[in-house]
Amino acid sequence: MTSVEQVMKEALALPSAARALLAEKLVESLEFDVDETLQTLWTDEAKKRRDEVRTGAVQPIAGEEALARVRQFLQQ
């Protein structure tokens, strides 16, 4: 068995909380090339949407309702 397979076998034997922590740490350890321009655009968009909800310019809907609307639209 390779070392990766052994580590995976041992990790899968951990309790779920320990596996979740391990998964989080593994994801954090990955190096991502972050496009700063894109990151800034997404941050600006998120703030704009937040402000629209806060001012009442848009009314949020529950996630389940949004998914139901999308499913209905796709069935048409």
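Scroll up to find the structure this text is about.
Residues numbered from 1 in each chain as written. Predicted model: local features only at pLDDT ≥ 70, side-chain atom pairs only at ≥ 80, totals over all residues. Heavy atoms only, no water.

> Any details on the pattern of salt bridges? Residues and values, ideally.
Proximity of charged atoms lets side chains of opposite charge pair with each other. Applying the stated criterion across every chain, the model contains five salt bridges. Here Glu28 ties to Lys25 by a salt bridge, and the two come within 3.7 Å at their closest N and O atoms. Linking Glu28 with Lys25, this pair stays in helix 2 (residues 16-29), spanning three residues, or about one helical turn. One salt bridge connects Arg49 with Glu45, and the closest N-O pair in it is separated by 2.8 Å. Linking Arg49 with Glu45, this pair stays in helix 3 (residues 36-55), spanning four residues, or about one helical turn. On the basis of relative accessibility, which here comes to 25%, the residue Glu45 falls in the partly exposed class. A network of salt bridges, in which partner residues are shared, links Glu45, Lys48 and Arg49. (Salt bridge = Lys/Arg side-chain N within 4 Å of Asp/Glu carboxyl O. Helix = DSSP H or I, 4+ residues; strand = E, 2+ residues; numbered from the N terminus. Buried < 20%, exposed > 50% of the residue type's maximum accessible area, 1.4 Å probe, protein only.)

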